[in-house]
Every structure is written in structure tokens, then in C-alpha cells.
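The residues making up each chain are set out below.
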Amino acid sequence: MSSVQQDQRDAASESAGELDAVVVGAGFSGLYMLHRLRDTLGLSARVFEEADDVGGTWYWNRYPGARCDSESYFYSFSDRLSEDLLQEWTWSERFAAQPEILDYLQHVADRYDLRKDIQFSTRVVAAEYDDATGRWDVRTDDGGQVTATYLITAVGCLSSTNLPEFPGRDSFRGDSYHTGTWPHEGVDFTGKRVAVIGTGATGVQAIPEIAEQAAHVYVLQRTPNYDIAAGNRPMDAEDGRKIKANYREIWQTTRETGFGFPYDAPNRTALSVSEDERQQIFAEAWERGGFRLGTTFNDLLLDADANETASEFLRERIRERVDDPEIAELLSPRDHPFFTKRPPLENGYYETFNRDNVTLADVRKAPIQEIHPNGVRTADAEYEVDSIVYATGFDAMTGTLFKLGIRGRNGLGLQEKWSQGPRTYLGVATEGFPNLFMITGPQSPSVLSNMPVSIEQHVDWITDCLRYLRDNGLDTIEPLREAEDDWVDHHNEVTQMTLLPQANSWWVGANIPGKPRNLYPYVGGVGTYRLICDEVAAQDYDGFGQGSGGSARSGEFNGTARAKFIDIVSAAPAAS
Ligand code: NA7
């Protein structure tokens, strides 16, 4: 067949709704995946996106103070997408605010002409694998239907909001907002009495900004966090030049470290140095700002005594900044070790509690009992307010995946299969769901990493996998049960080596009533994980059954890809 005939045939299939790939979501991962599918592999692909524009997380989270907690110079696509873009794009702040990141993603969409293959304002309501045809049947809320060989989820890890079922919640007569679905026109809190529920990474960013405007802010805190000073500031032109000159090295480091940050990862334990030296190391990291503090020693996530030295360093910073010792104590975490819940980065958060128009309420001691037409009633107080801001987080990692109505072989539902928690091979695929790929899925590093680095790694790996299938005359791939069992066991083993199971975090699903308690992201480290995935690929996708026409012939699971890196894995959280 000539290439013209091939093009005509492709166009005819596409207009009949027969695609090579459907991608769900048009944030960082969906945009890059579409580019690779279409422009690298030459496949027909359509992206379905619920919003009316690109951006994902950065489209929805427009609350005051919304900004990235990774430094802007490495929170972007790397040289894998384009050296030119890296050199041309200039970030204005050390930690970019939401509008600037959204601008960036819009620029990427335009630069690569991606919008023409994205169907906006369209939600996927069902995605069912047809055993007879070996294709995914995808239905959308506008009544549309397409079929595709490959189904790729690019839905982000934090895209289903969590709005707790407080009694009387909907009776409130004022305005209510969830930070994850913030009005595009913004909100003016001038003169308003505002209750903010939640002090995670989002609340910590929003509260200082809201306090600048509002008549009074009541911060309803259930659990204090170890908030780290971000040290945000305008990007220094000289720093910017140095970064651009060294980008290749910077990206290489992000790919090798535990968390996907280009920070030094010294191989020393916290208790191996003297108290003075330790304090000095913490203080230097604190001065430099951001997540560096988490990478000062290699055992902070492994050893409770080591961790306590960092935890206490951070409590001391709180006492220094908050005038009232009782409020400082209320803001000081005592129930979980540092970094076992995601530490927020803050810009003036603690000083906010020195203001006359801010009240901190302990809703752990006196829980919220109800929301009523005029405000919030807790076990020991009444807060009459004009507005309620829910900074109550997300049903992370699986919430949105389950809403897609994914059904695999024999009609098996994804939610049904994962009723006790996710079961995946490498966090990117799951047995019984052929040709389903999940970008930054559960049991991959995902939210325990600098997201763009993990997104690129998954997209590139999926791209290579699809190329491999094509080159070998195959079009069906599915994890083998034993490979999946092995990965789940390994994931659980690495998790148990760390302190992470000790905290009631969203990382373990503790924020959603009834959600199975597991560590959802993989804590073995970005660098090690990449080596394992690359080795699986080098061994012709060991652990995946492969075939064509919907039948993935069973194969042998060699299992040596992971074993090859097991020693590194054992030390992986330490290598962060
Ligand atoms: P988080 O980190 O899940 O924080 C949600 C906050 O809301 C947290 O302080 C919760 O307290 C609080 N919360 C949730 N439900 C309730 C109820 N029922 N009553 C009182 N307080 C409640 O979400 P964020 O949006 O801040 O951050 C999510 C991620 O986005 C963040 O980690 C970054 O990765 C980016 P809790 O701690 O559960 O006691």
C-alpha cells in the first residue's frame, strides 16, 4: 500500500471512530503522550479532556497562592521534548505560580499543534475492553463512542476532589469553594469572614493570601504538618543563565535521584554526625529552601530516631516564628514523623498566625459537628462565616481512574479488581486489562517524585513499548499474573522498610473513608525504578504476555529485571 493510500485509510478509520489510541486527560502527561503517539509513532490518537482547555491540575487549581512545590527550572518538560523550548522559556519565579504553569502548558499545546486532537469538555464515562475484537470501546458524556487498540490514562494523581460529608454541608447560605475546582473569575474575600477547612499543601498556600484580604479567617486544623519554608523569590537572571547552560546535567540528575530532584543526595545517616554538624546541615538546607531538607540525610524515612532530629528542627522553626507559644504548639506535628505526610512548602504561613484577623481552631480536639446556614459548629465553638473554603484534598491516585468505568477482560471492573488496593505491574499496567497503560499509576513513583520527571519516564517507556509491539508484528500486551504479584510484593516490602505506613496520609488513602489502606505511590526511588523499567524493556518486556488480535499469549516471567537492582532497591529510599 502506498503512503497516500495508508493515509487515506487512517483518515477513514479515524472518522469512523476507530483509533490506535485514546488518551484520557490533557495535563502534562496527556499532552506529552499525544505528541509521542502522533508525532513520534505516527499513530492515530484522540485525547478526551473534561475541562475546556489543557492544563490538568494547573487548569483546576486556581485558588489564591496556588504554586508549584518543585522549583520551576525542573518542573517542566526536559530536553527529551525539546532543547529549544528549554532555552526559550524563562520562568519568572523560583517556584512558579499556577497561571505561569498553565501558560507554559498552553504554549506546549500550541507549539506542537496538539489541540486539534483533543476533544475538550468531554468526560469519559465508560471504557470497556471487547474480548471479541481486542479493542477498547470508549464512551463519553456527550453520547460519543470510539474504539481504540490502546487506552492510556493521563488523569493525574490528584484530580478527584474530596469534599467531606459534614452533616448539613449543603445548607450553608454563604459561598463554598473547594480549592481543586476554584472559580476562574477568582474570589474577592474583602470584608468577609472565612472558614478554611484543611491545612495540607493547599491550605498552607491559600491561608496567608486569604488572610491578607478577609475580615477574619478561621483556620480549622485537624492535623498540623511540617511545613518547610519555600524561599520563593523572582528568578535571578544569572542563576537562570547557569541553569540553561547546565540543563543536560540537571535532567540527568533528576532521572537518577530518589525523588526526581536535582539535589545532592549525600550518603550519610543523621546520627553519624555530631549534634552541631547536624544542626548546621539542617540550617543550610533550610536557608536554601524547598525540599532540600528531606535530602539532608539518607535515613530520615527509615529510622525513627534519625527522623526525629529533622522533626524537632522543624518544630523549633515554628516556635521561632509564631508569637504565642500555645498556638506554636498547636501548629507543631506530634503524631507523625517528618515526611510521612507530604510536607507543604510555605511562604509566610506561620507568621499568618500572628495576625489579629486569624484564629486557629483545633478540630482534632473539637471536631466539626455540622455545617449550618450561617457557618460551622465544632464540638466547642460556633464560627459564623460568609464563606467556607474546603482545602480538603483529593481521592488520590485511584479516585479518577475508578470514575472512568474501566472494564477489562470478561467485564472485570478495575475498581472490583482493586477492591483491596491496587494490583499493578510496575505501576503502569494491570493483569486482565490488555493494552491499558496508566501514566504515573499507583505503585509507580508518581507523587513521591517531581511529577514531570516521572511522567516523561512513563510516556517514553510506553512509547518504546508500542514501537516494540509494532516492530514485532504484535498489538496486544498484558502483564502476567506472576509478574504483577511479584511487583505488588516488592512494593509492599519496600513500603514496610520505611516510616511511611505510620502516618494517616493521603499517600496511604487514610483521608477517604473506606479506602483500602496501602501505600499508593512506590517509594523505591525514581532512579531505581527507571533502571527496573528499562531492564524489563531490554528483556523484551519481561513479565508481559504479548500477542495480537487481543490475545496476549502467556509467557514466562523471568523476573531478573527487578532482581538485578534489588540491592539498590533496598537502599533506595536512602538514595533520595
Ligand atoms: P491534603 O494534603 O489531603 O490536605 C487536606 C487537609 O484537609 C488536611 O489538613 C486534612 O486533615 C483536612 N481534612 C480532610 N478532611 C477533613 C475533615 N473531615 N475534617 C477536618 N479536616 C479535614 O490535600 P491538599 O489539597 O492540601 O494537598 C494535596 C496534594 O496536592 C499535596 O500533598 C501536594 O502533593 C499537592 P488531616 O491531615 O487528614 O487530618
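Cut-offs and rules
Here the residue numbers are simple positions, counted from 1 along each chain's written sequence. In view of the model being predicted, local features appear only for residues whose pLDDT reaches at least 70, and side-chain atom pairs are presented and counted only at 80 or more, with totals across whole chains, interfaces and linings using the full set of residues. The side-chain figures draw on all heavy atoms in the structure; neither hydrogens nor water molecules are used. Proximity is defined per residue: any heavy atom of the residue falling within 4 Å of a molecule or strand makes that residue near it. Pairs of N or O atoms are called polar contacts if they sit within 3.5 Å, as long as, within protein, a hydrogen donor faces a hydrogen acceptor (for residues adjacent in sequence, only side-chain-to-side-chain pairs). The method behind every accessible area is Shrake-Rupley, applied with a 1.4 Å probe, and residues are considered shielded solely by the protein chains displayed. Just so you know the grouping, Ala, Val, Leu, Ile, Met, Phe, Trp, Tyr, Cys and Pro go in nonpolar, Asp, Glu, Lys and Arg go in charged, and all remaining residues, Gly too, go in polar. Per the convention used, a helix needs a DSSP run of H or I reaching at least four residues, while a strand needs a run of E reaching at least two, with both numbered from the N terminus. A helix's residues, less one, multiplied by 1.5 Å, set its expected span. Only protein chains enter the calculation, and the probe is 1.4 Å; a residue is then buried if its accessible area is under 20% of its type maximum, exposed if over 50%, and partly exposed in between. Nine residue types can take part in a nonpolar core, namely buried Ala, Val, Leu, Ile, Met, Phe, Trp, Tyr and Cys, and a core is a set of them joined through side-chain atoms within 4.5 Å. Note: domain ranges come from an automatic or database domain assignment. The quantity known as pLDDT measures the predictor's confidence residue by residue, on a range of 0 to 100. The contact criterion used throughout is that any non-hydrogen atoms of two residues lie within 4.5 Å. Here a strand pair is declared whenever DSSP counts at least two bridges between the two strands. Here an axis means a line fitted to C-alpha atoms, over the contact stretch when the element is a helix, while the angle between two N-to-C directions is reported on a 0 to 180 degree scale. Oblique is the label for any angle not covered by the other classes, which are roughly parallel (under 35 degrees), roughly antiparallel (over 145) and roughly perpendicular (65 to 115). Whether a crossing is left-handed or right-handed is set by the direction in which the near helix is turned from the far one by less than a right angle, anticlockwise for left-handed and clockwise for right-handed.

**What about the site of the ligand?**
Residues in close proximity to the ligand total 19 residues, the closest being T199, T202, R222, T223 and K341. Note that an oxygen atom of the ligand is positioned 3.3 Å from one of the backbone N or O atoms of A391. Contact with the protein chains removes 86% of the 780 Å² of surface that the ligand exposes when unbound. Per-class residue counts for the shell around the ligand are 8 nonpolar, 7 polar and 4 charged.

**Quick word on helix α15 (residues 451-471)**
Taking 1.5 Å per residue as the helical rise, α15 with its 21 residues ought to reach 30 Å, and the 30 Å between its terminal C-alpha atoms agrees with that figure. For α15, the tally of buried residues reaches 17 of 21 residues, placing the bulk of the element in the interior. G473 sits one or two positions beyond α15 and adopts a positive phi of about 65 degrees.

**What to know about the nonpolar core**
Grouped together as the largest cluster of nonpolar side chains are 111 residues, with contacts concentrated most on L37, L426 and W461. Sorting elements by how many residues they give to this core places α15 first, with 10 residues. Per-domain counts for this core show at least three residues from each of domain 1 (13-54 + 114-160 + 396-571) and domain 2 (169-390). Among the nonpolar cores identified, the runner-up in size contains 27 residues, and V194, A214, V219 and Y350 belong to it.

**A word on the confidence of the model for the protein chain**
Note that predicted coordinates carrying low pLDDT should not be read in detail. When pLDDT is averaged along the protein chain, the result is 95; 95% of the residues meet or exceed 70. Across the protein chain, the element-wise mean pLDDT spans from 52 in helix α19 (residues 566-570) up to 99 in strand β18 (residues 436-438). The low-confidence segment residues 571-576, where pLDDT is below 50, has 17 contacts with residues more than four positions distant or belonging to other chains.

**Concerning the sheet that holds strand β16 (residues 387-390)**
Strand order in this open sheet of 5 strands is β7-β16-β8-β9-β12, and the pairing throughout is parallel. Looking at the sheet topology across the chains shown, the edges are occupied by β7 (175-178) and β12 (358-362). Each neighbouring strand pair of the sheet contributes to a mean axis angle of 20 degrees, computed without reference to strand direction. When strand β8 (residues 193-197) meets strand β9 (residues 216-221), the two strands line up parallel, connected through 5 bridges. Paired with V196 across the bridge in β9 is V219.

**Regarding the packing of helix α2 (residues 28-40) against α15**
At a closest axis distance of 10 Å, the pairing of α2 and α15 adopts a crossing angle of 25 degrees. Taken as axis vectors, α2 and α15 run roughly parallel relative to one another. Pair α2 / α15 crosses with right-handed handedness. Of the residues in α15, those touching α2 at F28, S29, Y32, M33, R36, L37 and T40 are P452, I455, E456, V459, D460, I462, T463, L466 and R467.

**Side note on unusual backbone geometry**
The backbone phi angle of S121 is positive, close to 50 degrees, even though this residue is not glycine. Note that S121 resides in the loop between β3 (118-119) and β4 (124-130). A positive phi is found at D540, a non-glycine position, where the angle reads about 50 degrees. Tracing the chain through its elements places D540 in the loop between α17 (526-538) and β20 (544-548).

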